[in-house]
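Topology and contacts: notes
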Amino acid sequence: MKTLLKDVIRLGLILTAFTVVACVGLAFVNQVTKPIIDGLDARRTEQSLKNLFAGAESFEMVPEFPAGAGAVKFASAYLVSKGGQSIGLAVKAAGPTYGGDTVLLVGVGSDAKVAGVIVLDNKDTPGLGANAKNPNYYVDKASKTTFPGQFRGKPLSDPFEAKKDVIAITASTITSRGIAVIVKQAGDAATAYLAAHGGKQ
Amino acid sequence: MKRYLKIFTAGLISDNPLLMLMIGLCSALAVTNNMANGIGMGLAMTFVLLCSEVIISMFRKLIPNSIRIPIFIIVIAAFTTIVDLSMKAWTPALSEAMGVFIPLIVVNCIIMGRVEAFSSKEGVFACVIDSIGMGLGYTWVLLGIAAIRELLGDGKILGFQIMPDSYQPILFFTLPPGGFLVFALFISMNIWLKKLIDNAGARAGKSGKEAVA
Amino acid sequence: MNLVKIFLTALLIDNVVLMRFLALCSYVGMTADVGQSVGMGFAVTFVTVLATAATYPIYHLILVPLHIEFLQILVFIIVIAALVQLVEFYLKKNVPGLYTAMGIYLPLITTNCAILAVTFDNITKGYDFAEAVVYSVGVAVGYLISMVLLAGVRERTRTSPIPKFLQGTPILFAATSLLAVAFMGFAGLIK
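Residues numbered from 1 in each chain as written. Chains lettered and ligands numbered in written order. Predicted model: local features only at pLDDT ≥ 70, side-chain atom pairs only at ≥ 80, totals over all residues.

This paragraph deals with the overall build of chain C. A count of helices and strands for chain C gives 9 helices and 0 strands. For a compact globule of 191 residues, the expected C-alpha radius of gyration is about 16 Å, and chain C comes in at 18 Å, within 12% of that figure. Considering only C-alpha atoms, chain C reaches an extent of 60 × 45 × 30 Å along its principal axes. At a minimum sequence separation of 6, the contacts of chain C that also span at least 24 residues come to 78%. (Helix = DSSP H or I, 4+ residues; strand = E, 2+ residues; numbered from the N terminus. Rg over C-alpha atoms; globule rule 2.2 N^0.38 Å. Contact = placed C-beta atoms within 7 Å.)

The next thing to look at is the overall build of chain A. What chain A contains, in helices and strands, is 2 helices and 7 strands. Taken from the N to the C terminus, the helices and strands of chain A come in the order α-β-β-β-β-β-β-β-α. Relative to the compact-globule value of 17 Å for 201 residues, chain A shows a C-alpha radius of gyration of 24 Å, a clear excess of over 25%. For chain A, the residues scored as buried account for 37% of the 201 residues in total. (Buried ≥ 20, exposed ≤ 12 C-beta atoms within 10 Å, placed from the backbone.)

Let us look at the packing of helix H6 (residues 109–119) of chain B against helix H7 (residues 124–154) of chain B. Residue and element names in this part refer to chain B. Between H6 and H7, whose axes approach to 11 Å, the crossing angle comes to 150°. Classed by the angle they form, the pair H6 and H7 counts as roughly antiparallel. Crossing geometry of H6 relative to H7 is assigned as right-handed. Residues Ile110, Arg114, Phe118 and Ser119 of H6 touch H7, and the partners they reach there are Cys127, Asp130, Ser131, Met134 and Tyr138. Considering only residue class, the contact of H6 with H7 consists of 5 nonpolar, 2 polar and 2 charged. (Axes fitted to C-alpha atoms, helices over the stretch in contact; angles between N-to-C directions. Parallel < 35°, antiparallel > 145°, perpendicular 65-115°, else oblique. Left-handed = near helix turned anticlockwise from the far one by under 90°. Nonpolar A, V, L, I, M, F, W, Y, C, P; charged D, E, K, R; others polar.)

Residue and element names in this part refer to chain A. Taken together, 5 strands build an open sheet; the order of strands is S1-S2-S3-S4-S5 and the sheet is antiparallel. Both edges of this open sheet fall to strand S1 (58–61) and strand S5 (114–121), since each of them pairs with a single strand only. Going from strand to strand, the sheet's axes swing by 25° on average, the running direction of each strand aside. Two elements, strand S4 (residues 101–109) and S5, share 6 bridges in a ladder whose sense is antiparallel. Looking across to S5, one finds that valine 106 is bridged to valine 117. (Pairing = 2+ DSSP bridges.)

Membership of the largest hydrophobic core comes to 119 residues, with the highest contact counts inside it found for Cys26 and Ile76 of chain B together with Ala23, Ile77, Ala114 and Tyr143 of chain C. The residues contacting cysteine 26 of chain B, other than those within four sequence positions of it, are Leu104 of chain B together with Phe21, Leu22, Ala23, Leu24 and Cys113 of chain C. Among the nonpolar cores identified, the runner-up in size contains 41 residues, and Ile87, Leu104, Val117 and Val166 of chain A belong to it. (Core = buried A, V, L, I, M, F, W, Y, C linked by C-beta atoms within 7 Å.)

Here the focus is the pairing of S4 of chain A. With 8 of 9 residues buried, S4 of chain A lies mostly within the body of the structure. Linking two consecutive strands that pair antiparallel, namely strand S3 (residues 85–96) of chain A and S4 of chain A, is a turn of 4 residues; a positive phi of about 120° is found at glycine 100 of chain A within it.

Residue-level contacts link 18 residues of chain B with 16 residues of chain A. When residues of the side of chain B that touches chain A are assigned to their parent elements, the largest contribution, 10 residues, is made by helix H4 (residues 68–90) of chain B. A breakdown of the residues in the side of chain B that touches chain A according to their chemical character gives 13 nonpolar, 4 polar and 1 charged.

Another point: the domain arrangement of chain A. Residue and element names in this part refer to chain A. Each domain of chain A was delimited in the assignment, giving domain 1 (1–52) and domain 2 (58–196). Taking the mean C-alpha position of each, domain 1 and domain 2 sit 38 Å from one another. In terms of residue class, the side of domain 1 that touches domain 2 is made up of 2 nonpolar, 2 polar and 1 charged. (Domains from an automatic or database assignment.)

The next point concerns the interface of chain B and chain C. Chain B puts 32 residues into the contact, and the matching count from chain C is 32 residues. Looking at side-chain class alone, the side of chain B that touches chain C contains 27 nonpolar, 4 polar and 1 charged residues.

Here we come to the environment of leucine 74 of chain C. In this fold, leucine 74 of chain C is placed in helix H4 (residues 72–94). In the structure, leucine 74 of chain C is positioned 31 residues away from tyrosine 105 of chain C in sequence and 23 Å away in space, judged by C-alpha atoms. The residues contacting leucine 74 of chain C, other than those within four sequence positions of it, are Ala22 of chain A together with Ile74, Ala77, Ala78 and Thr81 of chain B.

On to unusual backbone geometry, then. Positive phi, close to 55°, is recorded for lysine 144 of chain A, a residue that is not glycine. Its location among the elements puts lysine 144 of chain A in the loop between strand S6 (138–140) and strand S7 (145–146). Residue classification places lysine 144 of chain A among the exposed positions, given that 11 C-beta atoms sit within 10 Å. For phenylalanine 21 of chain C, which is not glycine, the phi dihedral falls at a positive 60°. Residue position: phenylalanine 21 of chain C is located in the loop between helix H1 (2–13) and helix H2 (24–29).

Let us now look at the environment of isoleucine 111 of chain B. Residue and element names in this part refer to chain B. By secondary structure assignment, the location of isoleucine 111 is in helix H6. On the basis of neighbour count, isoleucine 111 is assigned to the buried category, with 30 C-beta atoms found within 10 Å. Aside from chain neighbours lying at most four places away, what touches isoleucine 111 is Val48, Leu49, Ser52 and Ile76.

Two elements in contact, H4 of chain B and H4 of chain C, have axes separated by 8 Å at closest approach and are oriented at 150°. When the interaxial angle is binned, H4 of chain B and H4 of chain C end up roughly antiparallel. Crossing of H4 of chain B over H4 of chain C shows right-handed handedness. Where H4 of chain B abuts H4 of chain C, its residues Pro70, Ile73, Ile74, Ala77, Ala78, Thr80, Thr81 and Asp84 of chain B lie against Ile73, Leu74, Ile77, Ile78 and Ala81 of chain C. For the contact of H4 of chain B with H4 of chain C, a count of residues per class yields 10 nonpolar, 2 polar and 1 charged.

What follows covers helix H3 (residues 34–66) of chain C. Because an α-helix completes one turn every 3.6 residues, residues spaced three or four positions apart along the sequence face the same direction. Residues and elements named next belong to chain C. Over its 33 residues, H3 extends 46 Å from the first C-alpha to the last, a length consistent with the 48 Å expected when each residue adds 1.5 Å. Its maximal kink placed at tyrosine 59, H3 deviates by approximately 35°. Among the residues making up H3, those that are buried are Ser37, Met40, Gly41, Ala43, Val44, Val47, Thr48, Ala51, Thr52, Thr55 and Tyr59. (Expected span 1.5 Å × (residues − 1). Bend = angle between axes of the 7 residues up to and from the residue.)

Right, let's talk about helix H2 (residues 173–196) of chain A for a bit. Between the first and last C-alpha of H2 of chain A there are 34 Å, a value that for 24 residues agrees with the 34 Å anticipated at 1.5 Å per step. When you tally the buried positions in H2 of chain A, you get 17 out of 24 residues, the bulk of the element.

Residues and elements named next belong to chain C. When the pLDDT values of chain C are averaged, the result is 87; 96% of them are 70 or greater. The element-level mean pLDDT for chain C is lowest in helix H6 (residues 106–109), coming to 75, with helix H8 (residues 129–157) highest at 93. Quick note on the complex model: pTM equals 0.83, ipTM equals 0.87. (pLDDT = per-residue confidence, 0-100.)

All names here are of chain B. Checked against the element boundaries, isoleucine 39 lands in helix H3 (residues 35–58). The class for isoleucine 39 is partly exposed, based on 17 C-beta atoms found within 10 Å. Along the sequence, isoleucine 39 and alanine 146 sit 107 residues apart, while their C-alpha atoms lie 9.1 Å from each other.

Encoded structure:
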């Protein structure tokens, strides 16, 4: 009995030693990589916001943005300003397309027009629906307009219907329709928010 | 020397972890729709395999038999985490493309299998050779599959256009079914290769004997 | 409604074996006959749900408050390994009938990547607890379905003429490729 207990303690100690060494090592690696990873995330958000709004200077997260109704959900929203003047709102919105939810960053200017759309995540069929996030896929080859690029400057009063006022991705009507709906709903929510808050901050 | 050469070459064809032993398949098929992912996965996997084999071989006298499996898991998980964090920090695009398959290296049976069967018994140097051989055996298959899938499915190799513009990419190959089909053909090819080598070996053995006689 | 959607997506659209290439080792290794594949499928379902129930609170109640999320991989795999051991002991002692049916599959489950992948997904997809449980059931049943499908195909391949270069394992993957084509058709199922 005594030897058994001794054995258990010995094995336990060895196991603990290995675990402790592993955890300390990982804590060290984490110390090095964490600031880099966090920095990357922040920089990526900032970069995409700057791509949406030319000349944007500062961004402020909107604390109480509505979560969205129905299939389209809003994850977060940023108020974008330039020279102390708010110039628009960017909404991170997710909604169903073909192979699951697609996540977009939709920028809306104070003039109730779409400032731009960036596809953050899309799991649709590669080569078909996934062309939504392909920077080399053009719905209009002459002007090199990408699928999300065509929303730039589009007034929110438009119907946003694929194959009508929105050029669809070839053979991917469901993806195109889904994304148009997300843009429209995010845009409407952003306009409503901007109107309610007077746009002056 | 000859022994090390044998350990090294075993992983490439005759004991190829993917095509012969049929282990570690998940990551091999999931990330091989383009070459860049294949290279990244191959390197990540080889790194974890090498480090885990070396550490376990170094401490093999200190690891009691009854708790060896949990200790192996801890060691492998630690190195997997290191790779995961490093890739997130320094190669974010690659890390995003492979998603959950980097953390899943921890349950890759190749590593567990080699650690259990090889490095818990052998010296550090033999383990280095073994892990590099196995890692290369894993990586070449990944690259082969990825090259075919990227070329046929996207008309590119490593992102460079290879096929003429008129080539209509066969989407099938970038999608999961294409991965399964290409893999089936690779196994078939490897069986054929192994037979070829075995036959050549047998013939060489025979002629060697005749020469002695 | 959302739960139904999560379930169907995990079950068919993102089928764990045919679309996401997970758990292929056991998919090839454990489908020699239908009975075996069903046994393995149920064992995996059982452990997946348990694993979700165990790792989800550990992550949100222990790792996050202590800011040690970087230990996720290490902690999750140890929890799953321990869980499998406990289930094995428990079944052996208290439910010997189930143990004889499921027991031989249990040691293989620790290194089944589908289970670990599900526990990671629960966190990265930001599910709440109910969604996580539904998701894990969906994935596991999807696994069961694909196992049984392949086992059925394998029984046929034994008596069918097969091209010489595909004999043995290659035909399994060629057949899987066709199954995967069929499953791609589910992609437009949810709107």
